[in-house]
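One-letter residues, chain by chain:
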Amino acid sequence: MSTELEPWVREILRCPVTGAVLVDGTGPGGEPELHSTDPDRPLAYPVRDGIPVLLEADAREL
C-alpha cells in the first residue's frame, strides 16, 4: 500500500525521532504507515487521509 506522496517529498521525509529514512508499510489493521529504517529504534507512523502524521506521540514501535 502506498501513501501516494510526490517522489520529491518522499526523498526528504525522515523519522523525526532518529532521522532515519521512512519507507511504506502496513499497520496491524491493514492501514498505511511509514516505517522508520533505524535498526536500533524502528518506529511506525500513521498515514491519515493520505497525510503522514510524523509525531512521536502517534508513533508505535515495530
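As a reminder, the structure under discussion sits directly above these lines.
These notes cover the structure that comes with them. Note that the coordinates shown come from a computational prediction; the quantities given were computed from them, not determined experimentally.

## Examining the environment of Pro28
Consideration 1: Tracing the backbone shows Pro28 in the loop between strand E1 (22-26) and strand E2 (32-36).
Consideration 2: Distance from Pro28 to Arg10, taken between C-alpha atoms, is 22 Å for residues 18 residues apart in sequence.

## A few points about the nonpolar core
Consideration 1: If you look at the biggest cluster of nonpolar residues, it comprises 10 residues: Val9, Leu13, Cys15, Ala20, Leu22, Leu34, Leu43, Tyr45, Val47 and Ala59.
Consideration 2: Per-element accounting of this core gives the leading share, 3 residues, to strand E3 (residues 43-48).

## Brief notes about the pattern of salt bridges
Consideration 1: If you walk through the whole model with that rule in mind, you get 4 salt bridges.
Consideration 2: The closest approach of N and O atoms between Arg48 and Asp58, which form a salt bridge, is 3.3 Å. With a gap of 10 residues between them, Arg48 in strand E3 and Asp58 in the loop between strand E4 (51-52) and strand E5 (60-61) connect regions that are remote in the sequence.

## What to know about unusual backbone geometry
Note: most residues except glycine have negative phi, and most peptide bonds are trans.
Consideration 1: Positioned with a positive phi, Asp49 is a non-glycine residue whose angle comes to about 55 degrees.
Consideration 2: Relative to the assigned elements, Asp49 resides in the loop between E3 and E4.
Consideration 3: Judged by relative accessible area, Asp49 falls into the exposed class, the value being 81%.

So, how was this worked out
- Residues numbered from 1 in each chain as written.
- Predicted model: local features only at pLDDT ≥ 70, side-chain atom pairs only at ≥ 80, totals over all residues.
- Heavy atoms only, no water.
- Helix = DSSP H or I, 4+ residues; strand = E, 2+ residues; numbered from the N terminus.
- Core = buried A, V, L, I, M, F, W, Y, C linked by side-chain atoms within 4.5 Å.
- Buried < 20%, exposed > 50% of the residue type's maximum accessible area, 1.4 Å probe, protein only.
- Salt bridge = Lys/Arg side-chain N within 4 Å of Asp/Glu carboxyl O.

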